[in-house]
Amino acid sequence: MTQHPVTQDDQAQRNTEIVLTAMRELFAEKDLTAIDRYWAEPYVQHSPHMPNGLDTLRNVVPGLEGFSWEPQRVAAQGDLVFTHSIVHGWAPNPVAIVDIFRLENGRIVEHWDVVQDIVTPEASANGNGMV
């Protein structure tokens, strides 16, 4: 049997599956054990409102009320996975969030995000939806 080398596309696909599963299990199902399966220390957080480390996730998730994460677009390149989502329950009103996750050895080790209030197409200067 011929062994095929793992390509960058294969790795990106695997990382995408890890991120989507991790986010669903942790945030939608509120399964805190997902942190142990899909994240790893040192966890570097670039969001200006959250400190580094996995304890932040352990403390924040149980208190989220009415939270939903609805990815609309997902892209990956190498060790990075990008999601563009509609999120309810993170802020007082629904927000559009672009998350960037970096994985190492199949675990999420770094995170960036950009959070915007959702503006309806009718209220935007171009008439286009945000997500």
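Everything below is about the structure printed above this text.
About the criteria used
Along each chain, numbering runs from 1 in the same order as the chain's sequence is written. Under the rules for a predicted model, residues below a pLDDT of 70 receive no local features and side-chain atom pairs below 80 are neither given nor counted, while totals for whole chains, interfaces and linings still include all residues. Derived side-chain values reflect all non-hydrogen atoms in the structure, with water molecules and hydrogen atoms excluded from consideration. Segments assigned H or I by DSSP are reported as helices when at least four residues long, segments assigned E as strands when at least two residues long, and all are numbered from the N terminus. Take the residue count of a helix, subtract one, and multiply by 1.5 Å to get its expected span. Relative accessibility thresholds used throughout: buried, under 20% of the residue-type maximum; exposed, over 50%; partly exposed, between the two (1.4 Å probe, protein chains only). A side-chain nitrogen of Lys or Arg and a carboxyl oxygen of Asp or Glu constitute a salt bridge if their distance falls within 4 Å. Aromatic pairs are defined between Phe, Tyr and Trp rings, using the six-membered ring for Trp, whenever the two ring centres lie within 6.5 Å; interplanar angles under 30 degrees are classed as stacked, those over 60 as edge-to-face, and all others as tilted.

Trainee: Mind showing me how you'd approach helix α1 (residues 8–28) here?
Mentor: Since the α-helix turns once every 3.6 residues, residues separated by three or four places project in the same direction. Spanning 21 residues, α1 covers 29 Å between terminal C-alpha atoms, matching the ideal 30 Å at 1.5 Å per step. Among the residues making up α1, those that are buried are Ala 12, Asn 15, Thr 16, Ile 18, Val 19, Ala 22, Met 23, Glu 25, Leu 26 and Phe 27.

Trainee: What am I meant to see in the pattern of salt bridges here?
Mentor: Any two side chains of opposite charge can pair, so long as their charged atoms come close to each other. Applying the stated criterion to the full structure yields 8 salt bridges. Of the charged contacts in the structure, one is a salt bridge between Arg 37 and Glu 25, with a shortest N-O distance of 2.7 Å. Here Arg 37, found in helix α2 (residues 33–38), pairs with Glu 25, found in helix α1; they are 12 residues apart in sequence, far enough to count as distant. The class of Arg 37 is partly exposed, set by a relative accessible area of 37%. On the accessibility criterion, Glu 25 (11% relative accessible area) is buried. With a closest N to O distance of 3.2 Å, Glu 104 and Arg 102 form a salt bridge. A cluster of three or more residues bridged by salt bridges with shared partners is formed by Arg 24, Glu 25, Glu 29, Asp 31 and Arg 37.

Trainee: So what exactly am I meant to see when it comes to the environment of Val 19 here?
Mentor: Take Val 19: it is sitting in helix α1. The class of Val 19 is buried, set by a relative accessible area of 0%. Along the backbone, Val 19 and Arg 102 are 83 residues apart, and their C-alpha atoms lie at a distance of 9.5 Å.

Trainee: Sorry if this is basic, but what is going on with the packing of aromatic side chains here?
Mentor: For any pair of aromatic rings, geometry is given as the distance between the ring centres together with the angle between the planes. If you walk through the whole model with that rule in mind, you get 2 aromatic pairs. When the ring of Phe 27 is compared with that of Phe 67, the centres are 5.2 Å apart and the planes differ by 35°; the resulting orientation is tilted. Linking Phe 27 in helix α1 with Phe 67 in the loop between α3 (55–60) and β2 (68–77), this pair joins segments that are 40 residues apart in sequence. Plain terms: the ring middles of Phe 67 and Trp 90 are 6.3 Å apart, the flat faces sit at 75° to each other, and that makes the pair edge-to-face. Of this pair, Phe 67 sits in the loop between α3 and β2 while Trp 90 sits in the loop between β3 (80–88) and β4 (95–104), and the two are 23 residues apart along the sequence. Exposure remark for Phe 67: the relative accessible area of 15% places this residue in the buried category. A residue is classified by how much of its surface remains accessible, and Trp 90, at 33% relative accessible area, is partly exposed.

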